[in-house]
Structure formats: structure tokens, C-alpha cells
Amino acid sequence: MKKLIVLLTFALGLSVTSFAQSKPAEFKFEKETYDFGKIPMGKPVSVDFKFTNVGEEPLILTKVETTCGCTVPTYTQTPVQKGQSGLIKVTYTPAGTPLPFSKSITITSNAKTTTKVLYIKGETVAASSK
């Protein structure tokens, strides 16, 4: 009986150790903030946020949310394997009055850091009439 308990304890220790050494999925972005500078009112602008999975497990984006309807994200829907890249494209359509803006894009995933926030900023200016 004593040998059985020692054997089970040893097996449990090995399995815990092997799981502890596994590196979960993780983002590495080329940039996390983008400044559009001055953009004319009513003209949509886009930016691509490229990322690489630097973890061992596949990276799965479950949700990408923005702070308002003027900012629309599209993103990689399939799992991103270890060492592979994915993309989050953000399109901002300015409306209202010309003002500086700052918007956040919140990403939820299975990464080690489950929630990641990206930012876009700039200033809208009155559209030139010709």
C-alpha cells in the first residue's frame, strides 16, 4: 500500500511539473498605439495591428470590442499557432465636430494576459471643399 501511495504521488508530481512548464499563448504586437494625425471629417481611416503568438499554445481571439460605433474592428477568426501572426484591422469613421479623439480597442482571448487594450488617436479637421 505504501508503494502505491508513493507511486501515485510521483505520477501526480510529474504531471503537475509538465503542465507548469507549458507556456500559454501570448501576444506580441508590432505596435499597440497608432496616431492617425489630422484626418478630414467623414473620411474613414484604417490601421492594421499585427501580432505574433509567442506562446506554446494556439492563440484564440474570443472578442474584440471598441468604445463606440464609429470604430469597427475586424480580426483573425482562426486560432493563431505558435510563431504565427494574426491581424486586427481597425477602421475609424469620424463624425460630428472636428476634435481630437482617442479610442480604445479591447481584445479578449485565451492568452496569458487575457485582456489586451490597443489605442488609436488623432484629430479630425473640417473637410476641405473644392
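**Thoughts on the sheet that holds strand 5 (residues 71-75)**
Read across the sheet, 4 strands follow the order 1-3-6-5 without closing on themselves; strand pairing throughout is antiparallel. Looking at the sheet topology across the chains shown, the edges are occupied by strand 1 (27-29) and strand 5. In this sheet, adjacent strand axes meet at a mean angle of 30° when their direction is disregarded.

**Section: the nonpolar core**
Within the largest apolar cluster, 22 residues are counted, with the highest numbers of intra-cluster contacts made by Phe27, Phe29, Phe49, Phe51, Ile88, Ile107 and Ile120. Ranked by residues supplied to this core, first place goes to strand 3 (residues 45-53) with 4 residues.

**Some thoughts on the environment of Ser128**
Take Ser128: it is sitting in the segment after strand 8 (115-125). With 87 residues separating them in the primary sequence, Ser128 and Met41 have C-alpha atoms 9.1 Å apart.

**Looking at the state of the cysteines**
Under the counting rule described, the total for this entry stands at 1 disulfide. Here Cys68 connects covalently by a disulfide to Cys70, the sulfurs 2.3 Å from one another. With the S-S dihedral at roughly -55°, the linkage between Cys68 and Cys70 falls on the left-handed side. For Cys68, a relative accessible area of 22% translates into the label partly exposed.

Definitions and limits used
Residues numbered from 1 in each chain as written. Predicted model: local features only at pLDDT ≥ 70, side-chain atom pairs only at ≥ 80, totals over all residues. Heavy atoms only, no water. Pairing = 2+ DSSP bridges. Helix = DSSP H or I, 4+ residues; strand = E, 2+ residues; numbered from the N terminus. Axes fitted to C-alpha atoms, helices over the stretch in contact; angles between N-to-C directions. Core = buried A, V, L, I, M, F, W, Y, C linked by side-chain atoms within 4.5 Å. Buried < 20%, exposed > 50% of the residue type's maximum accessible area, 1.4 Å probe, protein only. Disulfide = S-S within 2.5 Å.

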